[in-house]
Amino acid sequence: QSLGFLSISFALDLSFPFTAPQLRLANGDATPWRFVGAAALVLGGVFGTWLRVTLGYHTFPQVAVGYALGAASAVAWQSLYGHQILPHLEASEGASQLLRFIQ
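What counts, and at which threshold
Residue numbering note: each chain is counted from 1, following its sequence as written. Only residues with pLDDT of 70 or above have their local features reported here, since the model is predicted, and side-chain atom pairs are shown and tallied only from 80 upward, although totals for entire chains, interfaces and linings are computed over all residues. Side-chain measures were taken over the full set of non-hydrogen atoms in the model, leaving aside hydrogen atoms and water. What counts as a helix is a DSSP run of H or I of at least four residues, what counts as a strand is a run of E of at least two, and both are numbered from the N terminus. Buried means the residue's accessible area, taken with a 1.4 Å probe over protein chains only, is under 20% of the maximum for its type, while exposed means over 50%, and partly exposed covers the values in between. Pairs of residues are marked as contacts when any of their non-hydrogen atoms sit within 4.5 Å. Note on areas: these come from Shrake-Rupley sampling with a 1.4 Å probe, and a residue is covered only by the protein chains present in the view. We place a 1 Å grid over just the protein atoms. Points where a 1.4 Å probe fits but has no way out form a cavity, open points with protein on both sides within 12 Å along at least 5 of 7 lines form a pocket, and any residue with an atom within 4 Å of a point lines it. Grid points are joined across faces, edges and corners, and a volume is the space filled by probe spheres set on the points. The angle between two axes is taken between their N-to-C directions and runs from 0 to 180 degrees, where each axis is a line fitted to C-alpha atoms and a helix contributes only its stretch in contact. By the definition adopted for this analysis, an angle is roughly parallel if under 35 degrees, roughly antiparallel if over 145, roughly perpendicular if from 65 to 115, and oblique otherwise. Under the grouping applied here, Gly and all other residues not named as nonpolar or charged are polar, the nonpolar ones being Ala, Val, Leu, Ile, Met, Phe, Trp, Tyr, Cys and Pro and the charged ones Asp, Glu, Lys and Arg. Looking at any residue, its pLDDT shows the predictor's confidence there, from 0 to 100. Here a helix's expected span is defined as the number of its residues, less one, multiplied by 1.5 Å. For patch detection, residues must exceed 30% relative accessible area and be free of salt bridges, and they are connected within 9 Å for like charges or within 5 Å for nonpolar side chains (Val, Leu, Ile, Met, Phe, Trp, Tyr). A carboxyl oxygen of Asp or Glu within 4 Å of a side-chain nitrogen of Lys or Arg is what we treat as a salt bridge.

Participant: Could you give me a rundown of the overall build of the protein, with the residues and numbers involved?
Facilitator: On a plain count of helices and strands, the protein comes out with 4 helices and 0 strands. The order of helices and strands in the protein, counted from the N terminus, is α-α-α-α. Going through the 103 residues of the protein one by one, you find that 29% of them count as buried. When contacts within the protein are restricted to residue pairs at least 6 apart in sequence, long-range pairs at least 24 apart make up 60% of them. For the protein, the accessible area works out to roughly 6700 Å², and carbon and sulfur atoms hold 70% of it.

This is the structure we're talking about:
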């Protein structure tokens, strides 16, 4: 589950960054290299899950369900945080000071 969450979460943030620039993995315009990097992150996560099966730690159904749950959690988190929580934080004076401090 963690490989699915991490690879998909980072790939989403690289491809479709949050509105707050200090919370982005990458700044600037969307370039093809950002999408290539996102694809590499997803492939790395898939490779890690394949490795878990190859080494005998899990079965294929276990890693498939785990990766799917992690990916779904990442999409839900990116959607909830990026579209619901972050705009409220940016609008709040205290939270926006904290966000500027992080930057």
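The discussion continues.
Participant: Any chance you could break down the layout of surface pockets for me, citing the residues and the numbers?
Facilitator: Roughly 150 Å³ of volume is contained in the second largest pocket. Forming the walls of the second largest pocket are Gln 1, Leu 3, Gly 4, Thr 49, Arg 52, His 58, Gln 62, Val 63, Gly 66 and Tyr 67. Here the element with the most residues in the lining of the second largest pocket is helix H3 (residues 60-91); it accounts for 4 residues.

Participant: Provide a residue-level description of the packing of helix H1 (residues 2-15) against helix H2 (residues 32-54), including the pertinent values.
Facilitator: Any two packed helices are characterised by the angle at which their axes cross and by the distance between the axes. The N-to-C vectors of H1 and H2 enclose an angle of 180°; their axes lie 8 Å apart at closest approach. The pairing of H1 with H2 is recorded here as roughly antiparallel in orientation. Only Arg 34, Phe 35, Gly 37, Ala 38, Leu 41, Val 42, Gly 45, Gly 48 and Thr 49 of H2 make contact with H1, whose side of the interface consists of Leu 3, Ser 7, Ile 8, Phe 10, Ala 11, Leu 14 and Ser 15. In terms of residue class, the contact of H1 with H2 is made up of 9 nonpolar, 6 polar and 1 charged.

Participant: Explain the confidence of the model for the protein to me, using residue names and the numbers behind them.
Facilitator: Caution applies to low-pLDDT regions: their predicted coordinates should not be interpreted in detail. Overall, the prediction assigns the protein a mean pLDDT of 82, with 79% of residues at 70 or greater. Per-element confidence in the protein ranges from a low mean pLDDT of 68 for helix H4 (residues 93-102) to a high of 91 for H2.

Participant: I'd like a rundown of H1, residues and numbers included.
Facilitator: Between the first and last C-alpha of H1 there are 20 Å, a value that for 14 residues agrees with the 20 Å anticipated at 1.5 Å per step. The set of residues buried in H1 consists of Gly 4, Ser 7, Ile 8, Ser 9, Ala 11, Asp 13, Leu 14 and Ser 15.

Participant: Give a detailed account of the environment of Phe 5, specifying residues and quantitative values.
Facilitator: Within the secondary structure, Phe 5 sits in helix H1. On the accessibility criterion, Phe 5 (27% relative accessible area) is partly exposed. The spatial distance from the C-alpha of Phe 5 to the C-alpha of Ala 74 is 5.0 Å, given a sequence separation of 69 residues. Dropping the residues within four chain positions of it, Phe 5 is found in contact with Gly 70, Ala 71, Ser 73, Ala 74 and Trp 77.

Participant: Break down H2 for me, with residues and values.
Facilitator: Here H2 spans 32 Å end to end across 23 residues, near enough to the 33 Å set by a 1.5 Å rise per residue. Of all the positions in H2, only Arg 34, Ala 38, Gly 45, Gly 48 and Thr 49 are classed as buried. Backbone geometry just after H2 places Gly 56 at a positive phi near 85°.

Participant: Describe in detail a nonpolar patch on the surface, supporting the description with residues and values.
Facilitator: Judged by side-chain polarity, Phe 47, Trp 50, Leu 51, Leu 55 and Tyr 57 come together as a nonpolar surface patch covering roughly 560 Å² of accessible area. Along the polypeptide, Trp 50 turns up in helix H2. A relative accessible area of 49% means that Trp 50 is categorised as partly exposed.

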